[in-house]
Amino acid sequence: QVHLVESGGGLVQAGGSLRLSCTGSRRIINFNTMAWYRQSPGKQREQVAILTSGGAPTYSDSVKGRFIISRDSAGNTVYLQMNSLKPEDTGVYYCGARIGANASWGQGTQVTVSS
């Protein structure tokens, strides 16, 4: 069983920052492609960041330059540092691991950005 736990969400003012964390087994997080995506009412699911097992990150245009995805040195946590937050960043953020042809996701953490 793949077990991923997200944390770090909350209510912040526009322009503020949050760091989301996703913890799990190093056998999962350190050796697979990891991703963050978000879902908001009235919006299509959006992948915001992805990090390969080799450490190469990519970002959606909507968050590029503001968000950073990374792993810790132990390889059991993946982070999403979110800076210069905007109200449109509001949503439930999910952490996922791509394992072969399959993907496993956590339960999500709510991020709300007020104006």
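Since the model is a prediction, treat every value here as computed from it, not as a measurement. (Residues numbered from 1 in each chain as written. Predicted model: local features only at pLDDT ≥ 70, side-chain atom pairs only at ≥ 80, totals over all residues. Heavy atoms only, no water.)

Regarding the state of the cysteines
Then, number 1: One pass over the full model with this rule turns up one disulfide.
Then, number 2: In this model, C22 is linked to C95 through a disulfide, with the two sulfur atoms separated by 2.1 Å. Across the disulfide from C22 to C95, rotation about the S-S bond amounts to roughly -75°, and the bridge is consequently left-handed. Within this pair, whereas C22 is found in strand 3 (residues 18-23), its partner C95 is found in strand 9 (residues 91-99), the two being separated by 73 residues in sequence. (Disulfide = S-S within 2.5 Å. Helix = DSSP H or I, 4+ residues; strand = E, 2+ residues; numbered from the N terminus.)

Some thoughts on the nonpolar core
Then, number 1: Grouped together as the largest cluster of nonpolar side chains are 24 residues, with contacts concentrated most on M34, W36, V78, L80, M82 and Y93.
Then, number 2: Mapped onto this core, the elements with two or more residues apiece are strand 3, helix 1 (26-29), strand 4 (33-39), strand 5 (46-51), strand 7 (67-71), strand 8 (77-82), strand 9 and strand 11 (109-114). (Core = buried A, V, L, I, M, F, W, Y, C linked by side-chain atoms within 4.5 Å. Buried < 20%, exposed > 50% of the residue type's maximum accessible area, 1.4 Å probe, protein only.)

Points about the packing of aromatic side chains
Then, number 1: Considering all chains together, one arrives at two aromatic pairs under this definition.
Then, number 2: Their ring planes at 20° and their centres at 5.0 Å tell us that Y37 and Y94 sit as a pair that is stacked. Pair noted here: Y37 is in strand 4 and Y94 is in strand 9, with a separation of 57 residues, a long-range link.
Then, number 3: Here Y37 falls in the buried class, since its relative accessible area comes to 10%.
Then, number 4: Taken together, a centroid distance of 4.4 Å and an interplanar angle of 85° make the contact between Y37 and W105 edge-to-face. Here Y37 is found in strand 4, whereas its partner W105 is found in strand 10 (residues 102-105), with 68 residues between them in sequence.
Then, number 5: Clustering of aromatic rings is evident, with ring pairs tying together Y37, Y94 and W105.
Then, number 6: Over the ring of Y37 we find R45, and its NZ or CZ is 3.8 Å from the ring centre. (Phe/Tyr/Trp six-rings, centres within 6.5 Å; stacked < 30°, edge-to-face > 60°. Lys NZ or Arg CZ within 6 Å of the ring centre and 35° of its normal.)

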